[in-house]
Amino acid sequence: MNSTAMLHNYLVVGAALLTLGMIGFLTRRNFIIMFLSAEMMLQGVAVNLVAFARARGNLQGQAFVLFILTIAACEAAIALALVLMLYRSRHTLDIAAWQDLREPGQPATTDTEPLESPALEAPLPRLTTAGLEPLQPREESHV
Amino acid sequence: MNMMLSTASVAVVAAGLVVPLALAGASIYLLLPRGYRMPRAWGAVIGMAALVLAGCLWIWPDGTIIEQLLFYCLAGISLAAAVAMITQRNPVHAALSFALVVLSSCGLFLLQAAPFLMAATTIVYAGAIVVTFLFVIMLAQQGGLSRADQHAQEPFLSTLAAAILMGAILIVMNMTLDLRELGRLGEQAKRAAAASTETELETILGDPDAFFERLQAESKRVRGTGAHNQLESEAIEARGSWEQWRRDHRTDAMRAALERLGSTATYLSAHAGLLQAGGSDDRGRPEGGDTVASLGGLLFTEYLIPVEVAGMALLVATIGTIAITARREVSR
């Protein structure tokens, strides 16, 4: 039984999760999706550590994953608190709203691609007025 | 002839590395949101092809059938959900895809004999963190898609950088962990040492010069432990005793040398690339068992201080969160 083959397979999965999280963190402009991508990078590292724990035969990797989990929870709490504070300031989750924090000389990010246009609302139909309201028996409640 | 073979094999290896990376990069580039509503069929098809190719080329088959099947399913779902998460426009859909990533990688944890981690990660990540993110989305972005969700920044450069990173990681892992040839040669040496007659020994070894050449080349390639020096010296010694056996036909010394060589080679093929030789039982489970009790024992004895520090970090994070989001009322 060749244990380095199994180790290699799980390391490939961990590396893939890490790089996909990196792409998500770099490309998306929504705060929430950026933080989710960072959490996914941590998940990739966790897969790596558990694979190494299995290959080495002790539980040190698993203990470290527990600490990573704890720190990820702390980070998520503080990050979301900061996101809420930023939202209160500019009322958007777009990081492009904070572009004035960029380096001097760096061009601003502008949206050049057209957004999808909202579907035109069909005008409400004009109905003819109805006739007389039919007689309805008066409801007596016995509550 | 040797040079031509090596460049051809290098080209094959490079193609096996580059083609799935290129396909995956192309699919992510096509799937990232661009403003106007794009049909996602092309990106999805190319992504599926990249996933299947990566599963064929990058994953080495090992273990029982059910283990391989579970690994392929869980890893495939995990990577597909990860791509879905980074390319979805709606942040709620992205959060749910992230929950799926976490659940499938928890399945991978279970396959690696980590049941407590599976439960803890599911509860904390998919249970608490994803729900907290959904709460924030509900509070902050009630109007559905915003302007931010429909654009992606620098899709080509980030995809290229990520592909280069993944390629570098795969190359290093292949160089360190590709020990299947060494394992095969070690098995062959052990079988030759255990052969009953001399003719059987010769047939098992095949072409002995080529056998010893390949073994020495593999021993030069093995990294990560100091034992590769031992392997190289044992290979030279076995070759020397083979030459001597051809002269005086004394099998005992040669059998012993082959046996030593075989056991070192098979040991290294299972343990090289790791800084410290692990102790696991036959089925690959960690020593001390895979129960929660052993993990708890470890946490309370060897990692007591990190556990306390983690608890303090949680306390500090809680206080900090409340302090950050408290509305300060100016009292006059």
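Residues numbered from 1 in each chain as written. Chains lettered and ligands numbered in written order. Predicted model: local features only at pLDDT ≥ 70, side-chain atom pairs only at ≥ 80, totals over all residues. Heavy atoms only, no water.

**With respect to helix H7 (residues 180–193) of chain B**
Selection criterion: Starting at the N terminus, helices and strands are each numbered in turn, a helix being any DSSP run of H or I of at least four residues and a strand any DSSP run of E of at least two. Every helix has an expected span of 1.5 Å times one less than the residues it contains. Each residue is assigned to one of three classes by its accessible area relative to the maximum for its type, calculated with a 1.4 Å probe on protein chains only: buried under 20%, partly exposed between the two thresholds, exposed over 50%.
Taking 1.5 Å of rise per residue, the 14 residues of H7(B) would be expected to cover 20 Å, and the 20 Å separating its terminal C-alpha atoms lies within 8% of that figure. Among all positions in H7(B), only Leu182(B), Gly183(B), Leu185(B), Gly186(B), Gln188(B), Ala189(B), Ala192(B) and Ala193(B) are buried.

**What about the nonpolar core?**
Keep this limit in mind: Among buried residues, the Ala, Val, Leu, Ile, Met, Phe, Trp, Tyr and Cys ones that are joined through side-chain atoms within 4.5 Å form a nonpolar core. In this analysis, two residues are considered to be in contact whenever any of their non-hydrogen atoms come within 4.5 Å of each other.
By size, the foremost hydrophobic cluster in this structure holds 86 residues, and its most contacted members are Leu20(A), Ile32(A), Met40(A), Trp58(B), Phe71(B), Phe98(B) and Met166(B). Discounting residues that sit within four places of it in the chain, Phe71(B) has contacts with Asn9(A), Tyr10(A), Val13(A), Ile59(B), Gly76(B), Leu108(B) and Leu111(B). Formed by 24 residues, the second largest nonpolar core is a distinct cluster that contains Ala192(B), Leu201(B), Leu205(B) and Phe211(B).

**Here's the deal with the packing of aromatic side chains**
Basically, it comes down to this: Only the six-membered ring of Trp is used, alongside the rings of Phe and Tyr, when aromatic pairs are assigned; centres must lie within 6.5 Å, and planes under 30 degrees apart are stacked while those over 60 apart are edge-to-face, with the rest tilted. Note on geometry: a ring has a charge over it if NZ (lysine) or CZ (arginine) is within 6 Å of the ring centre and within 35 degrees of the ring normal.
Under the definition given, this model contains 5 aromatic pairs over all chains. Relative to Phe156(B), the ring of Tyr29(B) lies with its centre 6.2 Å away and its plane at 80 degrees, an arrangement referred to as edge-to-face. You can see Tyr29(B) sitting in helix H1 (residues 2–31) and its partner Phe156(B) sitting in helix H6 (residues 155–177), a full 127 residues away along the chain. For Tyr29(B), a relative accessible area of 32% translates into the label partly exposed. The structure contains a cluster of three or more aromatic residues connected by ring pairs, namely Tyr10(A), Phe71(B) and Tyr72(B). In this structure, Arg90(A) packs its charged tip against the face of Trp98(A), placed 4.3 Å from the ring centre. Over the ring of Tyr29(B) we find Arg34(B); its NZ or CZ atom is 4.4 Å from the centre of that ring.

**Some words on a nonpolar patch on the surface**
Residues and elements named next belong to chain B. Spelled out, the test is: For patch building, the residue pool is restricted to those with more than 30% relative accessible area and no salt bridge; the joining distance is 9 Å between like charges and 5 Å between nonpolar side chains (Val, Leu, Ile, Met, Phe, Trp, Tyr). Here the Shrake-Rupley method, with its probe set to 1.4 Å, supplies the accessible areas, and only the displayed protein chains count as covering residues. Salt bridge, as used here, is a side-chain nitrogen of Lys or Arg placed within 4 Å of a carboxyl oxygen of Asp or Glu.
Together, Tyr 29, Leu 30, Trp 42, Phe 156, Leu 157, Leu 160 and Ile 164 make up a nonpolar patch on the protein surface, roughly 750 Å² of accessible area in all. Elements with a minimum of two residues in the nonpolar patch: H1 and H6. In terms of residue count, H6 provides more of the nonpolar patch than any other element does, 4 residues in total. By the element assignment, Leu 160 lies in helix H6. Residue Leu 160 is classed as partly exposed on the basis of its relative accessible area of 40%.

**Describing the interface of chain B and chain A**
The condition is simple: Summed over both partners, the accessible surface that disappears when two parts come together, traced with a 1.4 Å probe, is what is meant by buried area. Amino acids outside the nonpolar list (Ala, Val, Leu, Ile, Met, Phe, Trp, Tyr, Cys, Pro) and the charged list (Asp, Glu, Lys, Arg) are all regarded as polar, and Gly is one of them.
Each partner contributes to the interface: chain B provides 103 residues, whereas chain A provides 77 residues. Summed over both sides, the interface of chain B with chain A buries roughly 8400 Å², with 70% coming from carbon and sulfur. On the chain B side of the contact with chain A, Gln112(B), Phe133(B) and Gln153(B) bury the most area, a combined 9% of that side's loss. Linking chain B with chain A are 0 salt bridges, by the criterion used here. Of all elements in the fold, only helix H3 (65–87), helix H4 (91–111), helix H5 (115–140), H6, helix H11 (251–271), helix H12 (292–301) and helix H13 (304–325) of chain B reach the threshold of two or more residues within the side of chain B that touches chain A. Considering each element in turn, the side of chain B that touches chain A owes the most residues, 13 residues, to H5(B). The residue inventory of the side of chain B that touches chain A, partitioned by class, reads 63 nonpolar, 26 polar and 14 charged.

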